[in-house]
Amino acid sequence: MSAGVSRTEASTSVSQPGQTHESDLRPRYHHGVRVTTQSTAIALALASLAVAAPSCKSVCDDDGLRRTAVAFEERSSDLRAAGFATLWQACPSMPLGLARSLAAEFDPAHELEGDALERHHAERSEDPQWRTLLHRTCPGVTHDPFDLADPGALRDACTLERHALLRADDVFVPRDATALVLYDWLLSVRVPLPLAQDVVRPLLAVSATAEELEAMCWSESVACEHVVASWGLSLPDSSLGRSLPGEGPRILVARDRLTLLTLQGAPVLSLHDGRLASADRIGRAIPLLRERLTPLVPPESDTELERPDASIVLVADRATPFGTLVEVLFTATKAGFPSASLFVRRDHALRSLAVVAPETWLPPTNVVHDRASEFRLVVRHDGVSTVGPTTDPRTIPNLEPCDPSPRGCHDLQAVASVAAGYAKQHPRELGLSLGVEDELPLQAVLAILDAVNRGYGCEGPTAPPGCEYLFIRLDGAPQLYEHSDRVGTLVLGDARVERWASRVVSSETERTALAAYAPAREAIGRCMTDRPDVIGRWPDTGTLRVQYLQPSRGKGPMSGHLWLLANDHGTEIERCVLDSLGVEPDEGTSFRDFLERLRFELVIPTRFEPPP
């Protein structure tokens, strides 16, 4: 073959198979061997070149390899594709199994992704020729390099020091094994060592740019240790990580900064020991982050959250205080992203853990289903408590003595035992709602989630049916509500009296109730604004009702009952409001008794006014 073949001619001759009809992409079989359009194109190219240049059957054309090395070094997709076209011409006797793997993993003109790449790996592991080549290069790989998720194990299997291409601390990813097979084969056909190194080195991950390594991490879950280290992070470990990271805006939370990777990696805000300054928050929301995220909501979703499929990708250091993550998740929900993929490490590989916003963060019209049987835990620095109607309330104290680590001191075995009891009663409702104190590190929270997952039995071969639909809601402790980012002033309007069912009431009694409200108005407002759990749920315009009941024995002053968000009898806010009005709380014992003694309501309209 002439060394003067142009890159354009070589690229055209190999890229033509990509222009076939969709039906031509289906696998075909020849003499019992599975053949694809891609392998046919490469095989025909190599075979035709071998016939045309019989003197090149066992060796490669050095000039062609030099042009290949130059094209690879440029790192342009077009030039790399042209470089492979030149490589096929320079080495017509290259084994087909090796050529197919190089094309599938490196050649932009024929590169495979996702399921197609996985099928290719499965098929080549059954190819005797490929297995022989791979065993010579990586004696410790028994099946396929991509089956070894641990980079250290892959290094050992490929005895990297023998190749003199990589240092001990260089990044090494599964597809690098294919490049090393090419390197060994080039040396076996008497290509000079420096030239073989020039051809292969640009294909290795160690030669990739930071952007290329990051792309490998997102798309293939490889080289992630180096990428994460470049971000200054140590990812948390979790057995719950199952899938590759999803799509969506990528948010990085390090100890010193919060960065929106999607927008060219520009830091959004500085963090101090993992926490935001109070000036950068309004309530539990981060206005600047919301401003950056809102334009990124996909068209099929909207800020009304009618489609809870818009998701962010959250990358956080294992020591990140949970309060920071709650504020990021809450802000993303307000921007239009009510779910998230949280990066974790599982078996040395990057995986993601899917979490969804608590229903209390969403407008009432967007709450699809209140899972009354949901397993709910509150995680504090000194223990874990069960809450809600599904389990008997109990507190699991921390282990003692305990040296606090990123995983915390919680009694994980006891947590798993409680979760197992819940799963036995609700095998098809394996959800989890977790409220967490602000200062707990992320790794400690994931340790709790892993313990619950073990208790559910979702790690075993006989997992309950609910494991398939396992959902996780993460919240703060105390929990957040839809309006936990509210700003403005609560204004109480003029009260009016509404009689209950035409009950007879003294006009003097009604005037007394209205007169008591006037000086108490400001104090009642403070009763509400001092309670984030009330303000977070209170609508922009609402109605506060104080119900007056005649005494059970017919004599004495009237008693009161507060109806705020619901029946607030006996609550702290009821005592605050009634004390402001000078009314004693009612001590009624039954609902029927309550209805019989109810006389009228003091109705107080409210509204929030935004700041000027």
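Above this text you will find the structure in question.
Treat the numbers as computed from the prediction; the structure is a model and nothing was measured.

Caption draft 1: Summary view of the side chain of Glu-601. You can see Glu-601 is positioned in strand 19 (residues 598–609). Note on Glu-601: relative accessible area 7%, which makes it buried. In this structure the side chain of Glu-601 is engaged in a polar contact, spanning 2.7 Å, whose partner is the side chain of Arg-545. Look past the residues within four positions of Glu-601 in its chain and what remains in contact with it is Arg-496, Val-497, Glu-498, Arg-545, Val-546 and Gln-547.

Caption draft 2: How the structure looks around the state of the cysteines. Evaluation of the coordinates by the stated rule reveals four disulfides. A sulfur-sulfur distance of 2.0 Å marks the disulfide that ties Cys-138 to Cys-158. As the torsion about the S-S bond is roughly 95°, the Cys-138-Cys-158 disulfide counts as right-handed. One end of the pair, Cys-138, is in the loop between helix 7 (128–137) and helix 8 (151–158); the other, Cys-158, is in helix 8, and 20 residues separate them in sequence. What makes Cys-138 buried here is its relative accessible area of 0%. With its sulfur 1.9 Å from that of its partner, Cys-527 forms a disulfide with Cys-576. The S-S bond linking Cys-527 to Cys-576 shows a torsion near -80°; that makes this disulfide left-handed. A residue pair is termed long-range when its members are at least 10 positions apart, and Cys-527 in helix 17 (residues 507–529) and Cys-576 in helix 19 (residues 572–581) qualify at 49 residues.

Caption draft 3: Quick look at the packing of aromatic side chains. Tallying each qualifying case throughout the model produces eight aromatic pairs. Aromatic pair Phe-375 and Tyr-422: ring centres 5.0 Å apart, planes at 25°, arrangement stacked. A residue pair is termed long-range when its members are at least 10 positions apart, and Phe-375 in strand 9 (residues 375–380) and Tyr-422 in helix 15 (residues 412–425) qualify at 47 residues. One exposure class covers both Phe-375 and Tyr-422, and it is buried.

Caption draft 4: Molecular detail of the packing of helix 5 (residues 96–106) against helix 6 (residues 114–124). Where helix 5 contacts helix 6, the axes come no closer than 11 Å and their chain directions differ by 160°. Between helix 5 and helix 6, the angle falls in the class roughly antiparallel. Crossing angle aside, the handedness with which helix 5 passes helix 6 is left-handed. When helix 5 is examined against helix 6, the residues Arg-100, Ser-101, Ala-104 and Glu-105 are found in contact with a partner set consisting of Leu-117, His-120, His-121, Glu-123 and Arg-124.

Conventions used here
- Residues numbered from 1 in each chain as written.
- Predicted model: local features only at pLDDT ≥ 70, side-chain atom pairs only at ≥ 80, totals over all residues.
- Heavy atoms only, no water.
- Helix = DSSP H or I, 4+ residues; strand = E, 2+ residues; numbered from the N terminus.
- Buried < 20%, exposed > 50% of the residue type's maximum accessible area, 1.4 Å probe, protein only.
- Polar contact = N/O pair within 3.5 Å; in protein donor to acceptor, adjacent residues only side chain to side chain.
- Contact = heavy atoms within 4.5 Å.
- Disulfide = S-S within 2.5 Å.
- Phe/Tyr/Trp six-rings, centres within 6.5 Å; stacked < 30°, edge-to-face > 60°.
- Axes fitted to C-alpha atoms, helices over the stretch in contact; angles between N-to-C directions.
- Parallel < 35°, antiparallel > 145°, perpendicular 65-115°, else oblique.
- Left-handed = near helix turned anticlockwise from the far one by under 90°.

Any functional reading would require information beyond the geometric quantities listed.
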